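Topology and contacts: notes
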Amino acid sequence: MKKAARIRKMKVPQANEKYGDRLPPGQVLTERFPILHEGEVPVYDMTTWDLKVFGKVEQEITVSYEDILALPQKQVTCDIHCVTRWSRFDNTFEGVLMKDFMKELGIHPKSEYVMLHGDHDYTTNIHLHDLIQHNVLLAHSVDGEKLTAKHGFPLRLVVPHLYFWKSIKWIRGIEFIQEDAPGFWELNGFHNHADPFKEERFSGEDLDLPDDEWEKKEYD
């Protein structure tokens, strides 16, 4: 059974009023950090690892991990929300803000549509407006420690205002594309935009999603 179809069958948790507007509808708060991904965890030779910016830009660039660490570093403390119904408050990520990344490297997009590429052949789409929000960053660390391999080492995107599948692990490419196009999960039943406070979980009809899917996963 496809993941979207399986998640749609979950029991929807009841709203918890003590969290007010901070916890999106249909979410359950956890202090753990579930591990969810498709495929094997990549293993890298960091002497050859790179991140490419390409497509509809004035100039394509390729940067190394050391290049990213040399850029201005910031910390962002944010809540994260997974489409499988878990939320985790007050995560502190460290890395390079996307707006700073683009400014420092002179990236001038000729399109407002972006396809993010990660290993292994994972993609997700995002609008440029969402990509350059004040707290969106390329993260190498979380809560004072380097990312583990299962959480996206060496680099992942963090987009706090969208469901966490948009926060692509193992990011390797930022491609500016002429027109919006769906990525991996968007092609498999998930919403194109993914705002958790609007419950933009799925494309098509709004069906039930169980509250225990994430409880069956591994944790770090």
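Let me begin by describing the structure that accompanies this report.

With that settled, consider the overall build of the chain. Of regular secondary structure, the chain possesses four helices and 13 strands. In the chain, which comprises 220 residues, the proportion classed as buried is 51%. Here the contacts in the chain between residues at least 6 apart in sequence split such that 72% fall between residues at least 24 apart. Of the roughly 10,800 Å² of accessible surface on the chain, 48% is carried by carbon and sulfur atoms.

Here the focus is the environment of Phe202. Examined against the element boundaries, Phe202 turns out to sit in the loop between β12 (171-177) and β13 (218-219). Assessed through its relative accessible area of 6%, Phe202 is described here as buried. Spatially, the C-alpha atom of Phe202 lies 9.1 Å from that of Asn188, the residues being 14 residues apart in sequence.

With that settled, the discussion passes to the packing of aromatic side chains. Any two aromatic rings considered together are summarised by their centre-to-centre distance and by the angle between their planes. As enumerated under the stated definition, the model contains eleven aromatic pairs in all. Ring centres 6.3 Å apart and planes at 45° place the aromatic pair Phe33 and Phe164 in the tilted group. Placement of the pair is Phe33 in the loop between β1 (28-29) and β2 (34-35) and Phe164 in the loop between β11 (156-158) and β12, with a sequence separation of 131 residues. With respect to burial, Phe33 and Phe164 carry one shared label: buried. Here Trp165 and Phe190 contribute two aromatic rings whose centre-to-centre distance is 5.1 Å and whose plane-to-plane angle is 65°, an arrangement assigned as edge-to-face. In this pair, Trp165 is assigned in the loop between β11 and β12 and Phe190 in the loop between β12 and β13, connecting sequence segments 25 residues apart. What makes Trp165 buried here is its relative accessible area of 9%. Residue classification places Phe190 among the buried positions, given a relative accessible area of 2%.

A few words on the pairing of strand β7 (residues 113-118). The two faces of the sheet receive side chains in turn, since in a regular strand these alternate between them. In this structure, β7 lies alongside strand β8 (residues 122-127), joined through six bridges in antiparallel fashion. Bridging from a neighbouring strand, Leu116 pairs with Thr124 of β8. Hairpin connection from β7 to β8: three residues lie between these consecutive antiparallel strands, with Asp121 at a positive phi of about 60°. Two elements, β7 and β12, share six bridges in a ladder whose sense is antiparallel. Across the sheet, residue Leu116 finds its bridge partner in β12, namely Ile174.

Another point: the sheet that holds strand β4 (residues 61-63). Within the open sheet, the five strands sit side by side as β4-β3-β12-β7-β8. Their pairing is mixed. Every other strand in the sheet has two partners, leaving β4 and β8 as the edge strands with one partner each. Put simply, the sheet's adjacent strands are angled 15° from each other on average, direction ignored.

Once that is clear, we can look at the pattern of salt bridges. Should the charged atoms of two oppositely charged side chains come close, the side chains can pair. All chains considered together, the criterion is met by eleven salt bridges. For Arg22, the salt bridge goes to Asp90, with nearest N and O atoms at 2.7 Å. Placement of Arg22 in the loop between α1 (3-8) and β1 and of Asp90 in strand β6 (residues 86-97) is noted, with a sequence separation of 68 residues between them. Judged by relative accessible area, Arg22 falls into the partly exposed class, the value being 35%. Through salt bridges with shared partners, a single network forms among Asp50, Lys52, Asp119 and Arg172.

We now examine the nonpolar core. Leu51, Phe101, Leu157 and Ile174 are the most contacted members of the largest nonpolar core, which totals 53 residues. Not counting chain neighbours up to four residues away, the residues in contact with Leu157 comprise Met98, Leu116, Leu131, Val136, Leu137, Leu138, Lys166, Ser167, Ile168 and Ile171.

About the criteria used
Residues numbered from 1 in each chain as written. Predicted model: local features only at pLDDT ≥ 70, side-chain atom pairs only at ≥ 80, totals over all residues. Heavy atoms only, no water. Helix = DSSP H or I, 4+ residues; strand = E, 2+ residues; numbered from the N terminus. Buried < 20%, exposed > 50% of the residue type's maximum accessible area, 1.4 Å probe, protein only. Contact = heavy atoms within 4.5 Å. Areas by Shrake-Rupley, 256 points an atom, 1.4 Å probe, with all protein chains shown as cover. Phe/Tyr/Trp six-rings, centres within 6.5 Å; stacked < 30°, edge-to-face > 60°. Pairing = 2+ DSSP bridges. Axes fitted to C-alpha atoms, helices over the stretch in contact; angles between N-to-C directions. Salt bridge = Lys/Arg side-chain N within 4 Å of Asp/Glu carboxyl O. Core = buried A, V, L, I, M, F, W, Y, C linked by side-chain atoms within 4.5 Å.

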